[in-house]
Amino acid sequence: MPEEEPISDPFLIQLLERYTLAEVAEIHKYINEWDAATYTSVAQSILDHAARKGIDPLKYLRKAYNFNKKGAVRVPKTGYRGDGSAVYRKGNEYLIIRPDKYGSEKIVTYGVNDD
């Protein structure tokens, strides 16, 4: 069995350091659904957004991953905004997405607007 490549992203190392092996596998599944946008890496984006929102990074990833687009309002309804993103809003939650180079929508951020 070949050895795994060492992780070279210091943000990914920081993101994974306090989780169990099962949780690390879960995190890897979720980060494949993300776009780094203006960050150096997806892990940096997740760490920053989770910290600014005061939420555990894994909980943040789960909430974003489980956001149900069904019944959500998409802005714009078709296509993307000038910055290449679109927003899904449902209740007080929102999910900002952007297409990757293959056209698949990737998560840029997730949040909850306080009333």
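See the structure printed just above.
As the structure is a computational prediction, the values presented were derived from the model and not from experiment. The residue numbers shown here count from 1 along each chain, following its written sequence. It should be noted that, the model being predicted, local features are given only for residues of pLDDT at least 70 and side-chain atom pairs only at 80 or more, the latter also being counted only at that level, while totals for whole chains, interfaces and linings use all residues. Water and hydrogen atoms were dropped before computing side-chain values, which therefore reflect all heavy atoms in the structure.

### Re the sheet that holds strand 2 (residues 86–90)
In step 1: The rule for pairing is simple: two strands pair if DSSP sees at least two bridges between them. Only runs of H or I of at least four residues qualify as helices and only runs of E of at least two qualify as strands under DSSP, and these elements are numbered from the N terminus. With antiparallel pairing, the four strands of this open sheet are ordered in space as 1-2-3-4. Pairing within the sheet leaves two strands with one partner each, and these edge strands are strand 1 (73–75) and strand 4 (105–112). Put simply, the sheet's adjacent strands are angled 20° from each other on average, direction ignored.
In step 2: In this structure, strand 2 lies alongside strand 3 (residues 93–99), joined through five bridges in antiparallel fashion. Within the sheet, the bridge partner assigned to Val87 lies in strand 3 and is Ile96.
In step 3: Along the sheet face, helix 3 (residues 42–53) touches strand 3 and strand 4 and points at about 15° away from the line of strand 4.
In step 4: Across the sheet, helix 4 (residues 57–65) touches strand 3 and strand 4, and the angle it forms with strand 4 is around 110°. For helices, the fitted line uses only the C-alpha atoms of the stretch in contact; every axis is such a line through C-alpha atoms, and the angle between N-to-C directions lies from 0 to 180 degrees. What makes two residues a contact is simply this: any of their non-hydrogen atoms within 4.5 Å.

### Overview of the nonpolar core
In step 1: Residues Leu15, Ile27, Ile31, Trp34, Ile46, Leu61 and Leu95 are the most contacted members of the largest nonpolar core, which totals 27 residues.
In step 2: Elements supplying a minimum of two residues to this core: helix 1 (10–16), helix 2 (21–31), helix 3, helix 4, strand 2, strand 3 and strand 4.
In step 3: Top contributing element to this core by residue count: helix 3, with five residues.
In step 4: The contacts of Trp34, once residues within four sequence positions are left out, are Val42, Ser45, Ile46, Tyr60, Leu61, Ala64, Lys106, Ile107, Val108, Thr109 and Tyr110. Nonpolar cores are built from buried Ala, Val, Leu, Ile, Met, Phe, Trp, Tyr and Cys residues. Side-chain atoms within 4.5 Å join them into one set. In this scheme, a residue with accessible area under 20% of its type's maximum is buried, one over 50% is exposed, and one in between is partly exposed, where area comes from a 1.4 Å probe on protein chains only.

### Things to note about the environment of Ile46
In step 1: Note on placement: Ile46 falls in helix 3.
In step 2: Judged by relative accessible area, which is 0%, Ile46 ranks as buried.
In step 3: Taking C-alpha positions, Ile46 is 9.1 Å from Val108, a pair spaced 62 residues apart along the chain.
In step 4: Among all residues touching Ile46, those that are not within four sequence positions of it are Leu15, Ile31, Trp34, Pro57, Tyr60 and Leu61.

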